[in-house]
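Notes for the structure review
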Amino acid sequence: MGFLNTIGGLAIGILGAALAAALSGVGSAKGTGIAGEAAAGVVSEDPSKFGKAMILQVLPGTQGLYGFVVFFIAMGKLAVGMDVSAGMQVLSACMPIALGGWFSAMAQGKVAAASMNILAKKPDDFAKGMLFCTIVELYAIISMLASIILLGQVA
């Protein structure tokens, strides 16, 4: 406990805020990359599908934005001299979006890449692929809301 008292609650809280932004951002980078690879294949065959392919590629990027929102809320809870327990509360509150954003963005990237197949073969069924992606998005939104609610409980 001596080490924790030395670095203080502020450092622990900053770690939580940083993880919220960084892990959800990493997941979004990976997810948009996966979807982008598939989109490039679709667009190389039919350039007219660029707009719809771009929509599918952008979807896994929202988790990074959600993490960034939580980052700013968490930073607003931090104060010089805050105790370790308050810092741990901020860290803990940031974990739902940190982990939920990270994993859901990668999963959504895979779903978006698979949805590119729908776009390539049956463009009229594009909305079905969007729906598949939206189901994964729901869990990212739940993760963000959980973090925001938990941060609201931090004194």
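First things first, this report covers the structure right here in the doc. As the structure is a computational prediction, the values presented were derived from the model and not from experiment.

The next point concerns the overall build of the protein chain. Secondary structure summary: the protein chain contains five helices and zero strands in total. Order of helices (α) and strands (β) in the protein chain, N terminus to C terminus: α-α-α-α-α. For the protein chain, buried positions account for 40% of its 155 residues. Entry remark: accessible area of the protein chain is about 7,900 Å², with carbon and sulfur atoms responsible for 73%. The average position of the 8 basic charges and that of the 7 acidic charges among the side chains of the protein chain differ by 4 Å.

The next thing to look at is the side chain of S24. Checked against the element boundaries, S24 lands in helix α1 (residues 2-45). A distance of 2.6 Å separates a polar side-chain atom of S24 from the backbone oxygen of A20. Dropping the residues within four chain positions of it, S24 is found in contact with L19, Q63, G64, G67, I97, A98, G101 and W102.

Time to look at the packing of helix α2 (residues 50-58) against helix α5 (residues 126-152). Taken N-terminus to C-terminus, the directions of α2 and α5 make an angle of 10 degrees; their axes are 10 Å apart at the nearest point. Considering the angle they form, α2 stands roughly parallel to α5. In this structure, α2 contributes K52, I55 and L56 to the contact, and α5 contributes F126, G129, M130 and C133. Classifying every residue of the contact of α2 with α5 gives five nonpolar, one polar and one charged.

Next up on the list: the pattern of salt bridges. In this structure the tally under the stated criterion is two salt bridges. Of the charged contacts, one joins K49 and D46 as a salt bridge, the two residues approaching to 3.6 Å between their closest N and O atoms. Under the relative-accessibility criterion, D46 is labelled partly exposed at 25%.

Our next topic: the packing of aromatic side chains. Tallied over the entire structure, the rule returns four aromatic pairs. Seen in terms of ring centroids, F71 and F72 are 5.3 Å apart; in terms of plane orientation they differ by 80 degrees. Their pairing is edge-to-face. Pairwise contacts between aromatic rings join F68, F71 and F72 into one cluster.

In terms of nonpolar packing, the biggest core is built from 16 residues, with V70, A74, V90, C94, I97 and L151 touching the most fellow members. Listed by contribution, the elements that provide at least two residues to this core are α1, α3 (62-77), α4 (84-121) and α5. In terms of residues, this core owes the most to one element, α4, which gives five residues. Residues within four places of L151 in sequence aside, it is in contact with V70, I73, A74, K77, V90 and A93. Core analysis: the second largest hydrophobic core is formed by eleven residues, A35, A53, L59 and M116 among them.

With 38 residues, α4 should reach 56 Å at 1.5 Å per residue; the first-to-last C-alpha distance of 55 Å fits that figure. At C94, α4 is bent by approximately 35 degrees, the largest bend along its length, and proline P96 sits one to four residues beyond.

In this section: the environment of V42. Inspection of the secondary structure puts V42 in helix α1. Separated by 77 residues in the primary sequence, V42 and L119 have C-alpha atoms spaced 7.9 Å apart. When residues no more than four places from it in sequence are discounted, the contact partners of V42 are K49, M116, L119 and A120.

Let us look at α3. In this model α3 runs 23 Å from its N-terminal to its C-terminal C-alpha over 16 residues, within 8% of the 22 Å that 1.5 Å per residue would give. Every buried residue of α3 is accounted for by T62, Q63, G64, Y66, G67, V70 and A74.

Quick notes on the rules
Residues numbered from 1 in each chain as written. Predicted model: local features only at pLDDT ≥ 70, side-chain atom pairs only at ≥ 80, totals over all residues. Heavy atoms only, no water. Helix = DSSP H or I, 4+ residues; strand = E, 2+ residues; numbered from the N terminus. Buried < 20%, exposed > 50% of the residue type's maximum accessible area, 1.4 Å probe, protein only. Areas by Shrake-Rupley, 256 points an atom, 1.4 Å probe, with all protein chains shown as cover. Lys, Arg positive; Asp, Glu negative; His and termini not counted. Charge placed at Lys NZ, Arg CZ, Asp CG, Glu CD. Polar contact = N/O pair within 3.5 Å; in protein donor to acceptor, adjacent residues only side chain to side chain. Contact = heavy atoms within 4.5 Å. Axes fitted to C-alpha atoms, helices over the stretch in contact; angles between N-to-C directions. Parallel < 35°, antiparallel > 145°, perpendicular 65-115°, else oblique. Nonpolar A, V, L, I, M, F, W, Y, C, P; charged D, E, K, R; others polar. Salt bridge = Lys/Arg side-chain N within 4 Å of Asp/Glu carboxyl O. Phe/Tyr/Trp six-rings, centres within 6.5 Å; stacked < 30°, edge-to-face > 60°. Core = buried A, V, L, I, M, F, W, Y, C linked by side-chain atoms within 4.5 Å. Expected span 1.5 Å × (residues − 1). Bend = angle between axes of the 7 residues up to and from the residue.

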